[in-house]
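For reference, the chains in residue letters:
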Amino acid sequence: MIEPIRPTADAVEILDQRALPERMRYIRCTRADMVVDAIQSLAVRGAPAIAVAGLYGLWVEALALAGHTNGTDELEAAKDRIRNARPTAVNLAWAVDKVWATRPGEGSALVRYLRREADALYQEESLRNERMAQFGAALLPPSSRVLTHCNTGSLATIGLGTALGVIRQAYADGRIDQVWVDETRPLLQGSRLTAWELVQDGIPATLITDSMAASLMAQGKVDAVLVGADRIAANGDTANKIGTYGLAVLAHFHHIPFYVVAPLSTIDRTLSSGNAIPIEERAAHEVREIRGQAIAPRDMPVFNPAFDVTPSSLISAIVTDTGVAQGDFETGIAKLLEQEGKGTPDA
Ligand SMILES: CSC[C@H]1O[C@H](OP(=O)(O)O)[C@H](O)[C@@H]1O
């Protein structure tokens, strides 16, 4: 299994996803700001993965500050920088807030606690992926041809992945014949990362540009669309990689099931709808260049939102680690949240 995050005795090693698919190199992080930079530059990315990376960042910072005079204040400031490193994916803030709220005093007890919490989330996310894969695969009829957007695999999570975890399980169950992989402009998480993961797994996949999805659906070559999520509101409105909303509109028009796959840690219990989900806007060069090569006039104005919001009315089902919500998402999501931690996922 690919390891996007590798904790060691005194650091956290992060697989630099910016260098994929050509090179596998790890960044050794010994301070919080090294992890913040890795998250903000998308060296590590994907809602669940950045939450795990963030907790290890908190741990290495506590390790480095142990014994410092202003260590407590410096650690709290670092915590805020980690928490706010990327605004849309709720997992990061949720994990940091949860761990910070119940931390013990300071010193070695705090260091041990933070490492223990990071290890626990690492394990938990891996198990969540396995449960989602089972629930999601059951939705797909045999010989399905599915389309996916961005990267929701082992690189974006810990373990099988979310939407890509469902695809892996469904393929293993003989339910998938073909995967259409959206390249996912501007940062190409689909062509660089999802395609790389599927090639490694030997799963039949074909790379397409984002603009090709519509005609594939019109030709009847797509049986389902599977995507991940960065933040899901209580009514099921979902923020995900830019381009997801367009796919949902296309799927709705062509009567194709549109599935969102995400762990409960992606659900924002405080938001009644997607209107208030903060959408991260990123640097213009990400659109104007590819790997430093200009593909647009140098000072061309750019609009570069990293995510968009799909209204729940366009979503066929939301697959989580405790079961599947369909139809009345508000009630369905509330029921799935009630299952959390009970160890007996919804049937
Ligand atoms: C299971 S990852 C969820 C989500 O994260 C990705 O965004 P990014 O590559 O910017 O971190 C994409 O929206 C995935 O669907």
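All of these numbers come straight from a predicted model, not from anything done at the bench. (Residues numbered from 1 in each chain as written. Predicted model: local features only at pLDDT ≥ 70, side-chain atom pairs only at ≥ 80, totals over all residues. Heavy atoms only, no water.)

Caption draft 1: Structural context of the packing of helix H4 (residues 90-101) against helix H5 (residues 107-137). Viewed as axis vectors pointing N to C, H4 and H5 meet at an angle of 140°, and their least axial separation amounts to 11 Å. Here H4 is positioned oblique relative to H5, judged by the angle of their axes. Both H4 and H5 take part in a crossing whose hand is right-handed. Taken together, the residues of H5 that come into contact with H4 (itself represented by Trp94, Ala95, Lys98 and Val99) are Tyr113, Leu114, Glu117, Leu121, Glu124 and Arg128. Classifying every residue of the contact of H4 with H5 by side-chain character gives six nonpolar, no polar and four charged. (Axes fitted to C-alpha atoms, helices over the stretch in contact; angles between N-to-C directions. Helix = DSSP H or I, 4+ residues; strand = E, 2+ residues; numbered from the N terminus. Parallel < 35°, antiparallel > 145°, perpendicular 65-115°, else oblique. Left-handed = near helix turned anticlockwise from the far one by under 90°. Contact = heavy atoms within 4.5 Å. Nonpolar A, V, L, I, M, F, W, Y, C, P; charged D, E, K, R; others polar.)

Caption draft 2: A look at the site of the ligand. Surrounding the ligand, one finds 19 residues, the nearest of these being Arg45, Arg86, Asp230, Asn240 and Lys241. A distance of 2.8 Å separates an oxygen atom of the ligand from a polar side-chain atom of Arg86. At a separation of 2.5 Å, an oxygen atom of the ligand approaches a polar side-chain atom of Asn240. For the ligand, whose accessible area on its own is 400 Å², the fraction buried by protein is 99%. In a pocket analysis with a 2 Å cut-off to the grid points, the ligand is assigned to the largest cavity. Within the residue set of the shell around the ligand, elements represented by two or more residues are helix H2 (47-65) and strand S9 (238-241). Taken together, the residues that form the shell around the ligand break down as seven nonpolar, eight polar and four charged. Here the shell around the ligand spans two domains, since at least three of its residues come from each of domain 1 (5-128) and domain 2 (130-340). (Near = heavy atom within 4 Å. Polar contact = N/O pair within 3.5 Å; in protein donor to acceptor, adjacent residues only side chain to side chain. Areas by Shrake-Rupley, 256 points an atom, 1.4 Å probe, with all protein chains shown as cover. 1 Å grid on protein atoms, 1.4 Å probe; cavity = no way out; pocket = protein on both sides within 12 Å on 5 of 7 lines; lining within 4 Å. Sits in = over half its atoms within 2 Å of the grid points. Domains from an automatic or database assignment.)

Caption draft 3: Here's a closer look at unusual backbone geometry. Leu20 connects to Pro21 through a cis peptide bond whose omega is 10°. Here Pro21 lies in the loop between strand S2 (12-15) and strand S3 (26-29). The amide bond that connects Arg185 to the next residue, Pro186, takes the cis arrangement and shows omega of 0°. Relative to the helices and strands, Pro186 is located in the loop between strand S5 (176-182) and helix H7 (189-201). Although it is not a glycine, Leu188 sits at a positive phi angle of roughly 60°. When you line up the elements, Leu188 lands in the loop between S5 and H7.

Caption draft 4: Expanded view of the packing of aromatic side chains. On inspection of all chains with the given rule, the structure shows two aromatic pairs. Cluster of aromatic residues (ring-pair linked, three or more members): Tyr56, Trp59 and Tyr122. Above the ring of Tyr26, the side-chain terminus of Arg6 is found at 3.7 Å from the ring centroid. Positioned above the aromatic ring of Trp59, the side-chain terminus of Arg115 is 4.6 Å from the ring centre. (Phe/Tyr/Trp six-rings, centres within 6.5 Å; stacked < 30°, edge-to-face > 60°. Lys NZ or Arg CZ within 6 Å of the ring centre and 35° of its normal.)

Caption draft 5: Structural view of H7. If you check H7, its first and last C-alpha atoms are 17 Å apart, about what 13 residues at 1.5 Å a residue would give, namely 18 Å. In H7, a bend of some 25° at Ala195 exceeds every other bend along the element. Of all 13 residues making up H7, 10 are buried, and the element is well covered by its neighbours. Listed as buried for H7 are Gln189, Gly190, Ser191, Arg192, Leu193, Thr194, Ala195, Trp196, Glu197 and Leu198. Among the structural elements, strand S4 (144-148), helix H6 (163-172), S5, strand S6 (205-208) and S9 are those in contact with the buried residues of H7. One or two steps after H7, the chain reaches Gly202, where phi turns positive at roughly 70°. (Expected span 1.5 Å × (residues − 1). Bend = angle between axes of the 7 residues up to and from the residue. Buried < 20%, exposed > 50% of the residue type's maximum accessible area, 1.4 Å probe, protein only.)

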